[in-house]
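Inside the fold
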Amino acid sequence: MGPHPAVAAIRLAVRRVLHDILTHNSPTPAAATAAMAATAAAREPSRPERTPSPLVLVACSGGADSMALASALAFEAPKLGIRAGGITVDHGLQPGSDLRAAEVVVRLRELGLDPAESIAVTVGREGGPEAAARDARYAALDAAAERHGAAAILLGHTRDDQAETVLLGLARGSGIRSLSGMAAVSGAGGRYRRPFLQLDRQTARKACMVQSLPVWDDPHNADPAYTRSRLRHEGLPALEKALGKGVVEALARTAQLSRDDADALDAWASQAEASVRDATGLLECAKLYALPPAVRRRILRRAAIEAGAPAGSLFARHIEEVDRLITGWRGQGAINLPGKVVARRQGGRLVIRQG
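I will try to describe carefully the structure that is included in this document. (Residues numbered from 1 in each chain as written. Predicted model: local features only at pLDDT ≥ 70, side-chain atom pairs only at ≥ 80, totals over all residues. Heavy atoms only, no water.)

Attention shifts here to the sheet that holds strand β4 (residues 152-154). Here we have six strands laid out as an open sheet, ordered β3-β2-β1-β4-β6-β5, and mixed in their pairing. Among the strands making up the open sheet, the edge pair consists of β3 (116-120) and β5 (185-186). Across five bridges, strand β1 (residues 55-59) lies against strand β2 (residues 83-90) in parallel orientation. Each residue of the ladder has a partner; that of V56, found in β2, is A84. In the packing of helix α4 (residues 97-110) onto the sheet, contacts are made with β2 and β3, and the angle to β2 comes to roughly 170 degrees. Contacts between helix α5 (residues 129-148) and the sheet are confined to β1, β2, β3, β4 and β6 (192-193), with β3 contributing the most and set at about 140 degrees to the helix. (Pairing = 2+ DSSP bridges. Helix = DSSP H or I, 4+ residues; strand = E, 2+ residues; numbered from the N terminus. Contact = heavy atoms within 4.5 Å. Axes fitted to C-alpha atoms, helices over the stretch in contact; angles between N-to-C directions.)

In structure tokens form, the structure reads like this:
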């Protein structure tokens, strides 16, 4: 008799991602041949050269989603010759958070994950509590990946999380990229992988239950002070009541379609950018005007970021104001952007720089 359907589903999702990681980290035939030739003279016949097994970490809060992910990683990784470890981040936002983090480490080790460690972080205030906690968490995970030489970090975001992210993006009115939600692969070099984006939250919880895995339900996830919590417990249920079941699946599908469109527009903007700059590298307003708005605004956003504007603080309204220097020029003054970046029109050119 095989595993419970929920357990089989999470293991299959993780297995597919691990296969992809192995493929991504495998050397090309040419590189492998060159490496073998370079070491052949120094290698002893009785001690063949062995490539170290890649290490994959799981980010685990102790909740149902990440515990299910940790259990699936612990089961699948050894069969593929992959080392598996786990990291839990202690945000220090609740009394006893250090003790709960220590408990998560114990559970990870009981699953056979090694290394398994807790990382304490200090959460700032910039961007609000949810964004600040997220920034601190990813910084800690990035540092852990570098320290351990990990090939990837698995994250337990589910289809329900994706639906919530799409709705939050829609509320911000930040364009199609916000509607594309979370990518299955993200981060520097594709470091972060999200195997569960096609699975619902209930599947992960069921997998924990049938495996008798203890889980911790973060009270912040039910606290109405947090936007995502209100959306989860009030917004989405209201949508399902009004529109019927299937809202979560539809939103997740919207995310994928939006991501495909956004990726195509980003590629178009990247190719078009060189054609709208003059010999000195300044953007020419007439050539920018001739581009479709979606492509033009991507070029403007990229130029602002390159000039020093923080991407996380650069909103659609900022880019729209800069865009009016091209499409609605009436002699208006400079536009102030985050990061002390200033955009102004001079002699038919758009100048974007700090100061």
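Another point: the packing of helix α9 (residues 227-243) against helix α10 (residues 247-273). For the pair α9 and α10, the least separation of the axes is 9 Å and the interaxial angle reads 105 degrees. If you check the angle between α9 and α10, you find them roughly perpendicular. The segment α9 lies against α10, with L236, L239, E240 and L243 engaging V247, V248 and L251. Residue composition of the contact of α9 with α10, by class: six nonpolar, no polar and one charged. (Parallel < 35°, antiparallel > 145°, perpendicular 65-115°, else oblique. Nonpolar A, V, L, I, M, F, W, Y, C, P; charged D, E, K, R; others polar.)

When you line up the elements, L239 lands in helix α9. Along the backbone, L239 and R107 are 132 residues apart, and their C-alpha atoms lie at a distance of 37 Å. Discounting residues that sit within four places of it in the chain, L239 has contacts with L167, G244 and V247.

Relative to strand β9 (residues 341-346), strand β8 (residues 335-337) runs antiparallel, the two being bridged by three bridges. Residue pairing in the sheet places N336 in a bridge with V342 of β9. A loop of three residues connects β8 with β9, the two strands running antiparallel in sequence, and G339 in this loop sits at a positive phi of about 75 degrees. Here β9 runs beside strand β10 (residues 349-354); their pairing, made up of six bridges, is antiparallel. Looking across to β10, one finds that V342 is bridged to R353. Here β9 folds back onto β10, and the loop between the two strands holds two residues, one of which, G347, carries a positive phi near 55 degrees.

With that settled, the discussion passes to the layout of surface pockets. Taken as a whole, the second largest pocket encloses approximately 440 Å³ of empty space. Residue lining of the second largest pocket: 25 residues in total, with A184, R194, P195, L197 and Q198 positioned closest to the centre. Of the residues belonging to the lining of the second largest pocket, the class tally is 13 nonpolar, four polar and eight charged. (1 Å grid on protein atoms, 1.4 Å probe; cavity = no way out; pocket = protein on both sides within 12 Å on 5 of 7 lines; lining within 4 Å. Points joined across faces, edges and corners; volume = space filled by probe spheres on them.)

Tallied over the full model, the rule gives 26 salt bridges. We note a salt bridge from E103 to R107, for which the minimum N-O separation is 4.0 Å. Taken as a pair, E103 and R107 lie in helix α4 at a separation of four residues, close to a single helical turn. One salt bridge connects R191 with E146, and the closest N-O pair in it is separated by 2.5 Å. Taken together, the positions of R191 in the loop between β5 and β6 and E146 in helix α5 put the pair 45 residues apart, joining distant regions of the chain. What makes R191 buried here is its relative accessible area of 11%. Overall, the relative accessible area of 56% leaves E146 in the exposed class. (Salt bridge = Lys/Arg side-chain N within 4 Å of Asp/Glu carboxyl O. Buried < 20%, exposed > 50% of the residue type's maximum accessible area, 1.4 Å probe, protein only.)

In this structure, L18, L73, L154 and F196 are the most contacted members of the largest nonpolar core, which totals 35 residues. At the level of secondary structure, the elements contributing two or more residues to this core comprise α1 (5-25), β1, α3 (64-76), α4, β4 and α8 (201-210). Those residues within four positions of L154 in sequence are excluded, and the remaining contacts are V14, V17, I21, V56, L57, V58, A59, L69, L73, R193 and P195. In this structure, A272, V276, A309 and A343 belong to the second largest nonpolar core, which totals 25 residues. (Core = buried A, V, L, I, M, F, W, Y, C linked by side-chain atoms within 4.5 Å.)

As a further point, take the packing of aromatic side chains. Counted according to the given criterion, the structure contains one aromatic pair. An angle of 85 degrees between the planes, with centres 5.1 Å apart, marks the rings of Y138 and Y192 as edge-to-face. Of the two residues, Y138 sits in helix α5 while Y192 sits in strand β6, which places them 54 residues apart along the sequence. Cation over ring: R11 sits above F75, and NZ or CZ is 3.5 Å from the ring centre. (Phe/Tyr/Trp six-rings, centres within 6.5 Å; stacked < 30°, edge-to-face > 60°. Lys NZ or Arg CZ within 6 Å of the ring centre and 35° of its normal.)

Right, let's get into the side chain of R259. With respect to the secondary-structure elements, R259 resides in helix α10. One buried charged side chain, R259, makes no salt bridge at all; its nearest oppositely charged neighbour is D263, positioned 4.9 Å away. Apart from the residues within four sequence positions on either side, R259 is in contact with R177, S180, G181, M182 and A183. (Lys, Arg positive; Asp, Glu negative; His and termini not counted.)

Two elements, strand β7 (residues 283-284) and β10, share two bridges in a ladder whose sense is antiparallel. The residue bridging E284 from the neighbouring strand is R349, located in β10.

Interpretation in functional terms is not warranted from these geometric data alone.
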